[in-house]
Amino acid sequence: MPKGYWIARIDVADPEIYKRYVAGAVPAFEKYGAKFLARGGATFPMEGTNRARNVIIEFPSVQAAQDCWNSPEYQAAREHRLPVSAGEIVIVEGLPD
C-alpha cells in the first residue's frame, strides 16, 4: 500500500497564534502515524511562488493522511491556523513499495 503525504506551503501572519495550531495538531499527527520529513527549513525557490513555511508529512497510507485531516483533533487545531495563515495543503499518494 503506498504511503500518503501532506505537502503544505504556508505563509503565517501571526506566529504566536500559529503556535496554537501546531500544538493542537500534535495529537492528530501522533494518532495517524505522521512522520515529518521537512518542516519550515531553508527553501530554495526554483520556480513559481515561494511560501515562508513548507512542510512534508509522511503517513502510513493515503487513508491515514485523509483520516488525520478529517479527524476532530486536527479540525479543532486547524481553526487556529485559518485566521492567521494563507497557503496550500495537498495530500499526495506515494509510489508503490
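Residues numbered from 1 in each chain as written. Predicted model: local features only at pLDDT ≥ 70, side-chain atom pairs only at ≥ 80, totals over all residues. Heavy atoms only, no water.

Caption draft 1: Quick peek at the pattern of salt bridges. Taken as a whole and assessed by the stated rule, the structure comprises six salt bridges. Ionic pairing is found between Glu16 and Lys19, a salt bridge with its closest N-O pair at 3.1 Å. In this pair, Glu16 and Lys19 both sit in helix 1 (residues 15-31), three residues apart, roughly one turn of the helix. With respect to burial, Glu16 and Lys19 carry one shared label: exposed. For Arg51, the salt bridge goes to Glu88, with nearest N and O atoms at 2.7 Å. Placement of Arg51 in the loop between strand 2 (35-39) and strand 3 (53-59) and of Glu88 in strand 4 (residues 85-93) is noted, with a sequence separation of 37 residues between them. Its relative accessible area of 16% is what places Arg51 among the buried residues. What makes Glu88 partly exposed here is its relative accessible area of 33%. A single network of salt bridges, built from pairs that share partners, joins Arg9, Asp11, Arg51 and Glu88. (Salt bridge = Lys/Arg side-chain N within 4 Å of Asp/Glu carboxyl O. Helix = DSSP H or I, 4+ residues; strand = E, 2+ residues; numbered from the N terminus. Buried < 20%, exposed > 50% of the residue type's maximum accessible area, 1.4 Å probe, protein only.)

Caption draft 2: Looking closely at the sheet that holds strand 2. The strand order across the open sheet formed by four strands is 2-3-1-4, and the pairing between neighbours is antiparallel. In this open sheet, the two strands that pair with only one neighbour each are strand 2 and strand 4. For this sheet, the mean inter-axis angle between neighbouring strands, taken without regard to orientation, is 15°. Two strands pair when backbone bridges link them, and strand 2 and strand 3 are joined in this way by four bridges, in the antiparallel orientation. (Pairing = 2+ DSSP bridges. Axes fitted to C-alpha atoms, helices over the stretch in contact; angles between N-to-C directions.)

Caption draft 3: Quick look at the side chain of Arg81. Mapped onto the elements, Arg81 comes out in helix 3 (residues 72-81). As a buried residue without a salt bridge, Arg81 has its nearest oppositely charged side chain in Glu79, at a separation of 8.5 Å. Apart from the residues within four sequence positions on either side, Arg81 is in contact with Ile10, Tyr18, Tyr21, Trp69, Tyr74 and Ile89. (Lys, Arg positive; Asp, Glu negative; His and termini not counted. Contact = heavy atoms within 4.5 Å.)

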